[in-house]
Number of protein chains: 2
Amino acid sequence: MLNVRNRLQAWQERIESVLDEILPPASTHPAKLHEALRYSVLDGGKRMRPLLVYATGEALGIAPEHLDVQAAAVELIHVYSLVHDDLPAMDDDDLRRGKPTCHKAFDEPTAILVGDALQALAFQILAAHPRMTASPAQRLRMIEQLGQAAGSRGMVGGQALDLAAVGQQLTEIELENMHIHKTGALIRASVLLAAYSVDAIDVERLQQLDHFAKCIGLAFQVQDDILDVESDTQTLGKTRGADAAAGKPTYSSIIGLSASKMKLQDLYDEALNALVSLGDSADSLRCCAEFTVKRIR
Amino acid sequence: MLNVRNRLQAWQERIESVLDEILPPASTHPAKLHEALRYSVLDGGKRMRPLLVYATGEALGIAPEHLDVQAAAVELIHVYSLVHDDLPAMDDDDLRRGKPTCHKAFDEPTAILVGDALQALAFQILAAHPRMTASPAQRLRMIEQLGQAAGSRGMVGGQALDLAAVGQQLTEIELENMHIHKTGALIRASVLLAAYSVDAIDVERLQQLDHFAKCIGLAFQVQDDILDVESDTQTLGKTRGADAAAGKPTYSSIIGLSASKMKLQDLYDEALNALVSLGDSADSLRCCAEFTVKRIR
């Protein structure tokens, strides 16, 4: 597993340099906006979604250099969603990835614009970045998938459900539905964008990868809720207990901490099961799954 | 000119029904978000950008049914920008298109999410809507153009400049630079998205249309500033004098009202000049230009 971990770490460094290259220089006019764009995107986060893009590519025999733009696009959408979620009108968070949130480090209008600009950039690079090697038809499929995953029937819809859930008693199914949209859609898109880079992927393989993505997407959220109870602010890099304090339903509040841990294990097992037929080529994906359920922040 | 006006009115009705079809039904889960999406987009506005798409198409011999998705995409980006611009942290406007702004009719988090979802939808439909007839390569060119026009070096950059300009003394050149980004980029994109629907457009024709778009984009803003002084809130459908009251630099405050009117006439003449070689086929574009400079709201 040591080699696999080294590979994941190399991909983390890789996506950092890809993002650095894709974002306009901080001196671009207007400078404050571009500084804030770079502040929000660079030098932070687990980069889970880009890792999933590269790891899925490895399982399907696609080299990282053919996946840089897809990895950057999903991360840009993810970061935009964090910047907007942290706004005072939304979750009102001061801390993200161990740093002041964008609207704290800059200001609220800038944070709104940073999110807006990152979303536009994500689609723009899939359409036209010179690093992009996929065919026009493949790119269009990726743009459609990312648009759907990010939009009102995907991530943004999940965020709306999340806001509506504050102070409400949700059932476990309602909670799951919210997470499937809010975080699950983009995690699935990460795997699918890599899969769509293959000339002709067979339907069964696509379904296995998609099922894997669904399981770890949900597992990620269950672990988030467990950490919100069991970890501390410094380790998390964001305010511990913030969800519970904001009256948001969590797995631990609905089914309890120990049932949450069992659910996490079940999702992990199911995710690994989905990869069986891929053999050794899926070791990086397995490692992503392990990180998801065993991470401490 | 009567026939041309009827054509523009028919296109206004056409885009209304296209948008109605493209937006998810109001009953889509989560319902509040989808109601707010439809509230913000439908039944309002001059639809200037879609009209420019159809009118450019007419000048180039492309029928409206091949331009519906392009027209809808630019309008979705435009509406998202209005919804975000109206937010309390930005321009804090209560009235838009004669109705309460999205965050007034719904709430602030919903308005943020509505803007985010509209942007995703704009790119998604260019990639994959069944009404779209352009080739994959053409679509990618449109997505790239729209992403650039909407992003940090286009509309969002212009909005950042606009916010930074509050209470500042700008030169006329700085004011023009702000408007070229804030409204000009998307108006140019409207014309270019129609032009990219032609199999092989010659460079000179493209430059003429682009120059026309630049001129009316700026003329639109000059007329906006004139109306902000000379019109009234009821006619405008938004708060009259709001820009001046917010300490925003305007053409009338920088060069004076009478010089603003001369500048408007100059831009109008220049716009019409750019269309000369297109003959009668550009009559709808001329009518769009006329509306831009003679509109009363």
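The name given to chain A in an unreviewed UniProt entry is (2E,6E)-farnesyl diphosphate synthase, and the organism recorded there is Thiothrix litoralis. Regarding chain A, the relevant UniProt record gives this comment under Sequence similarities (unreviewed entry): "Belongs to the FPP/GGPP synthase family." Taken directly from UniProt, the Cofactor (unreviewed entry) text for chain A runs: "Mg(2+)".

Residue and element names in this part refer to chain A. Relative to each other, helix 8 (residues 155–165) and helix 9 (residues 172–195) sit at 145 degrees, their axes nearing to 7 Å. Crossing of helix 8 against helix 9: the hand is left-handed. When helix 8 is examined against helix 9, the residues Met155, Gly158, Gln159, Leu161, Asp162 and Ala165 are found in contact with a partner set consisting of Asn177, Met178, His181, Lys182, Ala185 and Leu186.

Turning next to the side chain of B:Asp224. As for its position among the elements, B:Asp224 is in helix 10 (residues 203–230). Setting aside anything within four residues of it in sequence, one finds B:Asp224 in contact with B:Lys238 and B:Arg295.

Moving on, we get to helix 15 (residues 283–294) of chain A. Residue and element names in this part refer to chain A. Between its first and last C-alpha atoms helix 15 spans 16 Å; for twelve residues at 1.5 Å apiece the expected length is 16 Å, and the two agree. Burial within helix 15 is extensive, with nine of its twelve residues counted as buried. Inspection of helix 15 places Ser284, Leu285, Arg286, Cys287, Cys288, Ala289, Glu290, Thr292 and Val293 among the buried residues, and these make up the whole buried set.

Here the bond from A:His29 into A:Pro30 is cis, since omega is -5 degrees, no more than 30 degrees from zero. Inspection of the secondary structure puts A:Pro30 in the loop between helix 1 (2–22) and helix 2 (31–41).

Moving on to the nonpolar core. Grouped together as the largest cluster of nonpolar side chains are 202 residues, with contacts concentrated most on A:Leu146 and B:Leu146. Those residues in contact with B:Leu146 that lie beyond four places of it in its chain are B:Ala73, B:Val74, B:Ile77, B:Ala122, B:Phe123, B:Leu126, B:Leu186, B:Ala189 and B:Leu193.

Structural alignment of chain B on chain A gives an RMSD of 0.0 Å, achieved by rotating through 180 degrees and translating 0.0 Å along the axis. On this basis, the relationship between the two copies can be described by a two-fold rotation axis. Closest approach to the rotation axis among the C-alpha atoms of chain B is made by B:Pro136, whose C-alpha sits 2.8 Å away. Of the residues that chain B buries at the interface, 100% are likewise interface residues in chain A, meaning the two copies contact each other through the same surface.

Further remarks concern the interface of chain B and chain A. A common way to state how big an interface is: give the accessible area lost once the parts meet. Each partner contributes residues to the interface: chain B has 43 residues there, and chain A has 43 residues. Each partner contributes to the roughly 3600 Å² buried at the junction of chain B and chain A, and carbon and sulfur atoms together form 75% of this total. At the boundary of chain B with chain A, the tally comes to zero salt bridges. Run the count over chain B and chain A and you get eight residue pairs in polar contact (both at pLDDT 80 or more). Every element with two or more residues in the side of chain B that touches chain A is listed here: helix 2 (31–41), helix 4 (68–85), helix 6 (108–128), helix 7 (136–150) and helix 8 (155–165) of chain B. For the side of chain B that touches chain A, the element with the most residues is helix 6 of chain B, which contributes twelve residues.

Further remarks concern the environment of B:Thr235. Residue and element names in this part refer to chain B. With respect to the secondary-structure elements, Thr235 resides in helix 11 (residues 233–236). As for Thr235 and Leu33, which are separated by 202 residues in sequence, their C-alpha atoms are 29 Å apart. Once residues lying within four places of it in the same chain are set aside, the contact partners of Thr235 are Ile296 and Arg297.

Our next topic: the side chain of B:His181. All names here are of chain B. Tracing the backbone through its elements, the reader meets His181 in helix 9 (residues 172–195). One polar contact links the side chain of His181 to the main-chain carbonyl oxygen of Asn177, over a distance of 2.7 Å. The residues touching His181, leaving out its near neighbours within four places in the chain, are Arg153, Gly154, Met155, Gly158 and Leu161.

Time to look at the packing of helix 3 (residues 48–59) of chain A against helix 4 (residues 68–85) of chain A. Residue and element names in this part refer to chain A. Closest axis-to-axis distance for the helix 3/helix 4 pair is 8 Å, and the angle between their directions is 155 degrees. Here helix 3 is positioned roughly antiparallel relative to helix 4, judged by the angle of their axes. Considering only the axes of helix 3 and helix 4, their crossing is right-handed. Two secondary-structure elements touch here, helix 3 through Arg49, Pro50, Val53 and Tyr54 and helix 4 through Asp68, Gln70, Ala71, Val74, Glu75 and His78. Residue composition of the contact of helix 3 with helix 4, grouped by class: five nonpolar, two polar and three charged.

Summed over all chains, the structure comprises five aromatic pairs over all chains. Taken together, a centroid distance of 5.5 Å and an interplanar angle of 75 degrees make the contact between A:Tyr39 and A:Phe106 edge-to-face. Here A:Tyr39 is found in helix 2, whereas its partner A:Phe106 is found in the loop between helix 5 (102–105) and helix 6 (108–128), with 67 residues between them in sequence. Owing to a relative accessible area of 22%, A:Tyr39 belongs among the partly exposed residues under this scheme. Here the aromatic rings of A:Phe123 and B:Phe123 are separated by 4.8 Å at their centres, their planes lie at 10 degrees, and the arrangement is stacked. Of this pair, A:Phe123 sits in helix 6 while B:Phe123 sits in helix 6, on two different chains. With respect to class, A:Phe123 is no different from B:Phe123; both count as buried. Directly above the aromatic system of A:Tyr39 lies the positively charged group of A:Lys99, at a separation of 4.3 Å from the ring centroid.

Criteria and cut-off values
- Residues numbered from 1 in each chain as written.
- Chains lettered and ligands numbered in written order.
- Predicted model: local features only at pLDDT ≥ 70, side-chain atom pairs only at ≥ 80, totals over all residues.
- Heavy atoms only, no water.
- UniProt positions renumbered as here; feature names shortened; annotations may be inferred.
- Axes fitted to C-alpha atoms, helices over the stretch in contact; angles between N-to-C directions.
- Helix = DSSP H or I, 4+ residues; strand = E, 2+ residues; numbered from the N terminus.
- Left-handed = near helix turned anticlockwise from the far one by under 90°.
- Contact = heavy atoms within 4.5 Å.
- Expected span 1.5 Å × (residues − 1).
- Buried < 20%, exposed > 50% of the residue type's maximum accessible area, 1.4 Å probe, protein only.
- Core = buried A, V, L, I, M, F, W, Y, C linked by side-chain atoms within 4.5 Å.
- Least-squares fit on C-alpha atoms with pLDDT ≥ 70 in both.
- Buried area = accessible area lost by both parts, 1.4 Å probe.
- Salt bridge = Lys/Arg side-chain N within 4 Å of Asp/Glu carboxyl O.
- Polar contact = N/O pair within 3.5 Å; in protein donor to acceptor, adjacent residues only side chain to side chain.
- Parallel < 35°, antiparallel > 145°, perpendicular 65-115°, else oblique.
- Nonpolar A, V, L, I, M, F, W, Y, C, P; charged D, E, K, R; others polar.
- Phe/Tyr/Trp six-rings, centres within 6.5 Å; stacked < 30°, edge-to-face > 60°.
- Lys NZ or Arg CZ within 6 Å of the ring centre and 35° of its normal.

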